[in-house]
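# Fold and contact review
Next come the chains, spelled out residue by residue.
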Amino acid sequence: MTRRVAIIGHPVAHSRSPLIHGYWLRQLGIDGDYVARDVAPEAIDGFLADFSASGLAGGNVTVPHKEAAFRACVVREPVADALGAVNTLWLEGGRLHGANTDVHGFLANLDTAEPEWARALGEAVVLGAGGAARAVVFGLMQRGVDRVVVANRTLARAEALRDQFGPRVLPIDWRDLGGRLNGCRLLINTTSLGMKGQPPLDIDLSALSPDALVTDIVYVPLETPLLKAARARGLATVDGLGMLLHQAVPGFERWFGVRPVVTAALRALVIADLKA
Ligand code: ATR
């Protein structure tokens, strides 16, 4: 029987996950199916509680259901526990299991683009303190970064990350960002600023170290105003599309038993779709 997996969200029509997984299924000749399933917020708890009735072998979970998925899983991987959010589900022995692959996606994207990025890094600056920032901060701590400055419009949310991850996280009000960028070698935007339809992220990059790496988790557009400004200064940049592609890898392997590869052809396919 064909194994069916879905991206579960609300709304979900914009998701590129069916394109990504569909590509791998075709390339690898696997008898599987990956669809989009829109589940309304009032229906999600019931849907997950009776997941085996959905006909799905597993799923990805996106906005706004990652916390509901976290609560619904009987067994969770440690990273999902640390983040309080699940984006990958599967049934095992009739029980719902969950993982969070955003940390893997973030780290694998940087590792692929700039293999030496974490070496002797010292301090990193993260803009934003939402769910995406939590995954990024967790990944940076895992890689042994000495200090992670979290700059957010709402200071209390940055402080919550410090309370969770400990004193290596330094929360600041993002209006105080200026001085913190002196000599900074890794800057990561996790806010929605710069996304199509949102105001641009407009910060002064002149104090960054000349060997700084600037990365954005926004990937629509691929070259955000932040990345454009960084490139204009001759800084290295990594766009956010790789994080989307790499976060999909562990789920596919879990459901279909083969570890897929993020290739240039897949990247080109998704870029063409984003432009369409
Ligand atoms: P996600 O789960 O994708 O990280 P989120 O939890 O809504 O989404 O977080 C969005 C992040 O973008 C937050 O850091 C938010 O700042 P606040 O915590 O102050 O809300 C930030 N953000 C969104 N719009 C912003 C804006 N116009 N100016 C500054 N920060 C903004």
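Along every chain, residues carry numbers that run from 1 in the direction the sequence is written. Local features in this predicted model are restricted to residues whose pLDDT is 70 or higher, and side-chain atom pairs enter the listing and the counts only when it is 80 or higher, whereas totals over whole chains, interfaces and linings include all residues.

So, on to the site of the ligand. Around the ligand sit 15 residues, and of these Gly-130, Gly-131, Arg-153, Thr-154 and Thr-191 come closest. Starting at the N terminus, helices and strands are each numbered in turn, a helix being any DSSP run of H or I of at least four residues and a strand any DSSP run of E of at least two. Looking at the shell around the ligand, the element that brings in the most residues is helix α6 (residues 131–142), giving 3 residues. Here the term charged refers only to Asp, Glu, Lys and Arg, the term nonpolar to Ala, Val, Leu, Ile, Met, Phe, Trp, Tyr, Cys and Pro, and the term polar to all other amino acids, Gly among them. The residue makeup of the shell around the ligand, split by class, is 5 nonpolar, 8 polar and 2 charged. Placing a C-beta atom from the backbone of each residue, we mark the residue near a molecule or strand if the atom is within 6 Å of it.

Our next topic: the UniProt feature "domain: Shikimate dehydrogenase substrate binding N-terminal" (unreviewed entry) in the protein. UniProt positions are given in the numbering used here, feature names are shortened, and annotations may be inferred rather than shown by experiment. The sites that UniProt annotates as "domain: Shikimate dehydrogenase substrate binding N-terminal" (unreviewed entry) are residues 7–89. Along residues 7–89 the backbone is 37% helical and 22% strand, and the end-to-end C-alpha distance reaches 10 Å.

You can see Glu-42 is positioned in the loop between β2 (32–38) and α2 (44–49). Glu-42 sits 54 residues away from Leu-96 along the chain, and the two C-alpha atoms are 20 Å apart.

This part takes up the domain arrangement of the protein. As assigned here, the protein comprises domain 1 (3–100 + 248–275) and domain 2 (104–240). Taking only C-alpha atoms into account, the centre of domain 1 sits 26 Å from that of domain 2. Counting residues at the interface gives 7 residues for domain 1, matched by 7 residues for domain 2. Within the residue set of the side of domain 1 that touches domain 2, elements represented by two or more residues are α4 (78–83) and α12 (264–275). In this entry, domain limits derive from an automatic or database-based domain assignment. We call two residues in contact whenever the C-beta atoms placed from their backbones are within 7 Å.

The next thing to look at is the pairing of strand β7 (residues 123–127). A residue is called partly exposed when the number of other C-beta atoms within 10 Å of its own lies between 12 and 20, exposed at 12 or fewer, and buried at 20 or more, with C-beta atoms placed from the backbone. Buried residues dominate β7, accounting for 4 of its 5 residues. Here a strand pair is declared whenever DSSP counts at least two bridges between the two strands. As paired elements, β7 and strand β8 (residues 147–152) share 5 bridges and run parallel to each other. Bridging across to β8, Glu-123 finds its partner in Arg-147. Seen with its strands pointing away from the viewer, a crossover is right-handed if its path from the first strand over the helix to the second goes clockwise. Considered for its hand, the β-α-β crossover made up of β7, α6 and β8 is right-handed.

Turning our attention to the sheet that holds strand β11 (residues 213–216). One open sheet accounts for 6 strands, arranged β9-β8-β7-β10-β11-β12; its pairing is parallel. Every other strand in the sheet has two partners, leaving β9 (169–173) and β12 (236–238) as the edge strands with one partner each. Taken over all neighbouring pairs, the strand axes of this sheet differ in orientation by 20° on average, direction set aside. Bridge count for β8 against β9 is 5 bridges, and the pairing is parallel. Residue pairing across strands places Val-148 opposite Val-169, the latter belonging to β9. Each axis is a line fitted through C-alpha atoms, and for a helix only the stretch in contact is used; angles between axes span 0 to 180 degrees, taken between their N-to-C directions. Most of the contacts of α6 go to β8, to which it runs at about 165°, and overall it touches β7, β8, β9 and β10 (186–189).

Let us now look at the UniProt feature "domain: SDH C-terminal" (unreviewed entry) in the protein. Listed under "domain: SDH C-terminal" (unreviewed entry) in the UniProt record, and renumbered for this structure, are residues 240–268. Helix makes up 69% of residues 240–268 and strand 0%, with an end-to-end C-alpha separation of 14 Å.

Right, let's talk about the packing of helix α5 (residues 102–113) against α6 for a bit. It is the contact of α5 with α6, at a shortest axis distance of 8 Å, that shows an interaxial angle of 60°. Relative to α6, the element α5 is oriented oblique. Along this stretch, α5 crosses α6, giving a crossing that reads as right-handed. Contacts between α5 and α6 involve Asp-102, Val-103, Phe-106 and Leu-107 on the former and, on the latter, Ala-135, Val-136, Phe-138 and Gly-139. Partitioning the contact of α5 with α6 into residue classes produces 6 nonpolar, 1 polar and 1 charged. Any angle between 65 and 115 degrees counts as roughly perpendicular, while under 35 counts as roughly parallel, over 145 as roughly antiparallel, and the rest as oblique. Crossings are sorted by hand: turned counterclockwise from the far helix by less than a right angle, the near helix makes the crossing left-handed, and turned clockwise it makes it right-handed.

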